[in-house]
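As a plain string of letters, each chain reads:
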Amino acid sequence: MSKPTLLLIDDEERILRSLAMLFRGQYDLLATTDPGVALRAVTEQRVHVVVSDQRMPQMRGAELLKQVRARSPQTMRILLTGYSELDAVVASVNEGEIFRFVNKPWDAAELRDTVAQATNISASLFAAGPAAPPEPLQTETGQFVAPEVARPETILVLDDDAEIYHAVQDIVGTSQPVIWARDLDQALTALEREAIGVVVSELAVANHSVTGLLKMLKAERPEIVTIVLTPFADVSVFIGLINQGQVYRLLPKPLRRGAFSMSLASALRHHRVLRSAPALRAAHAVETIKAPEEVSVATRVMGFLSRMRRAGAAT
Amino acid sequence: MNAPLRSGSESPADLARLRLDVAPLAPTATVDAAAEAFLEAANARMLCLPIVANGRAVGTISRHTLNNVFLRRFGRELYGTRSVTTLMNAEPIRVSLSAPLDDAARFVAARLGAPITEDFVLEDDGRYAGMGVAVDLLSALQQRVDSAFTALKASQAQLVQSEKMASLGQMVAGVAHEINTPLGYVRNNVEMVASLFEDGVQTLGEHHKLLDMLTADDLDEAALAKQIARCSDLGASLADPELLADTRALLRDTLHGVDTIKDLVVNLRNFSRLDQSRVAEVSINDCIDQTLVIAHNAIKHRLEIIKRYGENLPAVRCSPSQINQVLLNLITNAGQAVGEDGGKLLLKTEADADWLRIHIQDNGRGIAAEHLAKIFDPFFTTKPVGQGTGLGLSISQQIVQAHGGTIHVVSELQRGTKFVISLPLRAASESALAA
């Protein structure tokens, strides 16, 4: 059986040499400093994983991964960066839909594991055949178009601010039920009772962080798609939400209607794709949570999750 | 004609503190009686006295008016017994006791004639409440201005500090990226070489075992053959020429990476001069080079640097960390002014007998004429909110001026911008630079 293909791109050749050594033997390696070469490679051959630097002279990593995604959605994308700028993090999520965000200097064993995991996922995506159309449901002007489905899934809004709830209601109209949760318990109850497809969430509600919940939810219910809407721009929190929560979109507050509406439409579409194609859910496998403060929130969430699992087993 | 009445504003007690408890004259009092009243010690400071009926001021009689009357022939005889109301000013300056000091001062100042012949009447809800003297108002105002000035200076110092922190943050971000790249491959290489080292240790152990077997008294040929094969396998995988060449390259890269990090740190120290005296004789060319290293992250891939340094330039006595701050500000601005590619930055230094000049010229988008006059103003910025304090150039100008120098700018839209910093070779006073 042929080895999986790993593409490495960085403007520093020493990084490429070092990474190539780390992965030698296990992968067919393509290493380049040229984004054009990288994009040609993913178009012309099956590339399982791309590990890209963020700051490169011709093209930013987030932009490159966005184009990789457009050319080959089954290729898993990892961003490797020396300094996490907010713009890069946000763009890598919203445009590149990346699998992991890894900081330099990296841990060799962890990076090897991450790449191996990405490779397995990519292999199963390639095996599953051509992916569902990647473009979201919206008109040319970005207008929200509600898809026709028999049982529309519920959108859960987790935010102190009523404005967000009303904005979501305005956008989706009568096509989707919308539930407003103002604390963790209300959110858990809603998750238990309703078929939630998309969660629109702040980072904290009622003065409690909900990032732990968002991460655990993705681990347990990968088909639920999360949009985080927040005025706080904390790079490390965002990276945690990508790696451990596979957050789908990171949007700034104050709310910009157009962008939000497009994101919501695309999140619903994405949820449906994930629901119908279990193989795709693996593409959003999350990293294990390490921070202890989140584990404490996690124990509360765990209770709910185990109930949910029991309920699932009973049916 | 009352001063504007604003309630609940800053220190309503201000005017009350200036209030003088002056005994008013009744409208029936004679001009003579008024003159007598002016002679009383309690009224020695007063330019005029209030005339009050039923608790309300109906007017004032001024020393000046009495003088004018009494200086005329028979003036006292003609007017002395008449009612004081015949000479009174029926439209005195009235100020509400609750009016803010600033408003009161503005109101009174607008109505005082020259020479100043009047005081002002203080009223509480329309009723006579005492008198106020213009000079007191002025000194109260002076105090106010002094304390406002002190506060302003303090907040300006704070702003300068926050701008410093902002540019420091920008610098740290850049340097972190610069350091993390070599750190990335150095760490990875060390981890990989460490695992190769363990392979080596294991191989060595197996070779030792082989030696032991060879030198042992009882020789088990089958086991020996097995051990030889084992050693040969391990040795072959370690001695793989490709692996060895790659590993050597990794070690070379590692040393290179460590040196890169060392250079960055040395530069950071030179740039900030934290371990050196504040004022020193420095080579401006060195300052520019150190700043370029620090700014590297902000300008690399964007700007082609063209250096035209003057040779054998005299050293400049200055605060190098401050001059570096100015250079960093101008160089990063240039980086932002140029587009994604094709940007050029010319750095030129030259000196004559009295001045050293630094030219920092880019071929960026230029500064619009209407903005050019304002770029050194504090808080002037064309960047989006939150992306610039608008203090960078203002502080740069302050720093250069504190050095006894000047900073000039010429710019043309779509052509570029040139800043020229001139520093005197006979230095400014130490104290000016110590800040």
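Residue numbers restart at each chain and count upward from 1, following the sequence in its written direction. By the order in which they are written, chains take letters starting at A while ligands take numbers starting at 1. Reporting in this predicted model follows two pLDDT cut-offs: at least 70 for local features of residues, and 80 or more for side-chain atom pairs to be given and counted; totals over whole chains, interfaces and linings ignore these cut-offs and use all residues. Each side-chain value is worked out from all heavy atoms of the structure, with water and hydrogens disregarded.

(A) Structural context of the UniProt feature "modified residue: 4-aspartylphosphate" (unreviewed entry) in chain A. UniProt positions are given in the numbering used here, feature names are shortened, and annotations may be inferred rather than shown by experiment. Taking the UniProt record as the reference, the feature "modified residue: 4-aspartylphosphate" (unreviewed entry) is found at Asp53(A). In this view, Asp53(A) contacts Ile9(A), Asp10(A), Asp11(A), Gly61(A), Leu79(A), Leu80(A), Thr81(A) and Lys104(A); residues no more than four positions away in its chain are not counted. Contact between two residues is taken to exist if any of their heavy atoms lie within 4.5 Å; hydrogens are not considered.

(B) Structural context of helix H1 (residues 13-23) of chain A. Residue and element names in this part refer to chain A. Each residue's exposure class comes from its accessible area (1.4 Å probe, protein chains only) as a fraction of the maximum for that residue type: buried when under 20%, exposed when over 50%, partly exposed otherwise. In DSSP terms, a helix is any run of H or I states spanning at least four residues, a strand is any run of E spanning at least two, and both are numbered starting from the N terminus. Counting buried positions along H1 yields eight of 11 residues, so the element is predominantly enclosed. Looking only at H1, the buried set comprises Arg14, Ile15, Leu16, Ser18, Leu19, Met21, Leu22 and Phe23. Any pair of nitrogen or oxygen atoms within 3.5 Å is treated as a polar contact; in protein, a donor-acceptor pairing is required on top of that, and neighbouring residues in sequence qualify only through side-chain atoms on both sides. Its side-chain oxygen at 3.1 Å from the backbone nitrogen of Arg14, Glu12 defines the N-terminal cap of H1.

(C) Fine view of a nonpolar patch on the surface. Residues and elements named next belong to chain B. Among the surface-exposed residues, Met165, Leu168 and Val172 lie close enough to one another that they form a single nonpolar patch of about 260 Å² accessible area. Relative to the helices and strands, Val172 resides in helix H6 (residues 134-215). Val172 gets classed as partly exposed once you look at its relative accessible area, which sits at 46%. Patch membership requires over 30% relative accessible area and the absence of a salt bridge. Like charges are linked within 9 Å, and nonpolar side chains (Val, Leu, Ile, Met, Phe, Trp, Tyr) within 5 Å. Only the protein chains shown count as covering a residue, and every accessible area follows the Shrake-Rupley method with a 1.4 Å probe. Salt-bridge detection follows one rule: a side-chain nitrogen of Lys or Arg within 4 Å of a carboxyl oxygen of Asp or Glu.

(D) Structural detail: the sheet that holds strand E4 (residues 120-124) of chain B. Residues and elements named next belong to chain B. If DSSP finds at least two bridges between two strands, the strands pair. Strand order in this open sheet of three strands is E3-E4-E5, and the pairing throughout is mixed. Every interior strand has two partners, whereas the edge strands, strand E3 (93-96) and strand E5 (127-132), have only one. Averaged over all pairs of adjacent strands, the angle between their axes in this sheet comes to 35°, without regard to strand direction. Sheet topology places E3 next to E4; four bridges connect them, and they run parallel. Its bridge partner lying in E4, Arg94 is registered against Val121. As a rule, the C-alpha atoms of each element are fitted with a line to give its axis, helices using only the stretch in contact, and angles between N-to-C directions run from 0 to 180 degrees. Seen against the sheet, helix H5 (residues 101-111) touches E3 and E4 and runs at an angle of roughly 175° to E3.

(E) Up close: the nonpolar core. Counting 55 residues, the largest nonpolar core has Leu19(A), Val198(A), Val200(A), Phe260(A) and Leu264(A) as its most contacted members. Setting aside residues no more than four positions away along its own chain, Val198(A) makes contact with Thr154(A), Ile155(A), Leu156(A), Val225(A), Ile227(A), Leu264(A), Ala267(A), Leu268(A) and His271(A). Take the buried Ala, Val, Leu, Ile, Met, Phe, Trp, Tyr and Cys residues and link them wherever side-chain atoms come within 4.5 Å; each set so joined is a nonpolar core. By size, the runner-up hydrophobic cluster in this structure holds 45 residues, among which are Leu292(B), Ile294(B), Ala295(B) and Val316(B).

(F) Layout of the confidence of the model for chain B. All names here are of chain B. In the predicted model, chain B carries a mean pLDDT of 85, and 92% of its residues have values of at least 70. One number per residue, pLDDT, summarises how confident the predictor is, and it ranges from 0 to 100. Scored below 50 in pLDDT, residues 1-12 shows 24 contacts in the model against residues more than four places distant or in partner chains. Here the predicted complex scores 0.67 on pTM and 0.75 on ipTM.

(G) Summary view of the sheet that holds strand E6 (residues 154-158) of chain A. Residues and elements named next belong to chain A. Within the open sheet, the five strands sit side by side as E7-E6-E8-E11-E12. Their pairing is parallel. Strand pairing shows two members of the sheet lacking a second neighbour, strand E7 (178-181) and strand E12 (249-252), which therefore form its edges. Taking each pair of neighbouring strands and ignoring which way they run, the sheet shows an average axis angle of 20°. Sheet topology places E6 next to E7; four bridges connect them, and they run parallel. The residue of E7 that forms the bridge with Ile155 is Val178.

(H) Geometry of empty space enclosed by the protein. Residues and elements named next belong to chain A. A cavity here means a set of points on a 1 Å grid, drawn over the protein atoms and nothing else, where a 1.4 Å probe fits but cannot get out; a pocket is an open set with protein on both sides within 12 Å along at least five of seven lines, and a residue lines either one if it has an atom within 4 Å of a point. Grid points are joined across faces, edges and corners, and a volume is the space filled by probe spheres set on the points. Applying the stated criterion across every chain yields a total of three cavities of 30 Å³ or more. Looking at the second largest cavity, its volume works out to about 100 Å³. Lining the second largest cavity are Val93, Glu97, Ile98, Lys218, Val225, Ile242, Gln246, Val247, Tyr248, His270 and His284. Residue composition of the lining of the second largest cavity, grouped by class: six nonpolar, three polar and two charged. Nonpolar residues are Ala, Val, Leu, Ile, Met, Phe, Trp, Tyr, Cys and Pro. Charged residues are Asp, Glu, Lys and Arg, and all others, Gly as well, are polar.

(I) Quick peek at the interface of chain A and chain B. Contact with chain A, which involves 21 residues of that partner, is made by 25 residues of chain B. A 1.4 Å probe defines the accessible area here, and the buried area is the portion of it lost by two parts on being joined, summed over both. When the two sides are added together, the surface that chain A and chain B hide from each other amounts to roughly 2,100 Å², 58% of it contributed by carbon and sulfur. By the criterion of area lost to chain B, the three top residues of chain A are Arg14(A), Met21(A) and Arg55(A), representing 29% of everything that side buries. Taking the shortest distance from any N to any O, the salt bridge between Asp246(B) and Arg24(A) comes out at 2.6 Å.

(J) Quick look at the side chain of His403(B). Residues and elements named next belong to chain B. Here His403 shows up in the loop between helix H12 (392-402) and strand E11 (406-412). A relative accessible area of 3% means that His403 is categorised as buried. Within polar-contact distance, the side chain of His403 engages the backbone nitrogen of Ser319 at 3.0 Å.

(K) Main features of the pattern of salt bridges. Scanning all chains against the criterion turns up 29 salt bridges over all chains. For Glu202(A), the salt bridge is made with Lys253(A), and the minimal N-O distance between the two is 3.1 Å. Taken as a pair, Glu202(A) in the loop between strand E8 (196-201) and strand E9 (204-205) and Lys253(A) in the loop between E12 and helix H10 (257-276) lie far apart in primary sequence, 51 residues in all. Taking relative accessible area as the criterion, Glu202(A) reaches 7% and is therefore assigned buried. Within this structure, Glu12(A), Arg14(A), Arg17(A) and Asp253(B) form a network of salt bridges that share partners.

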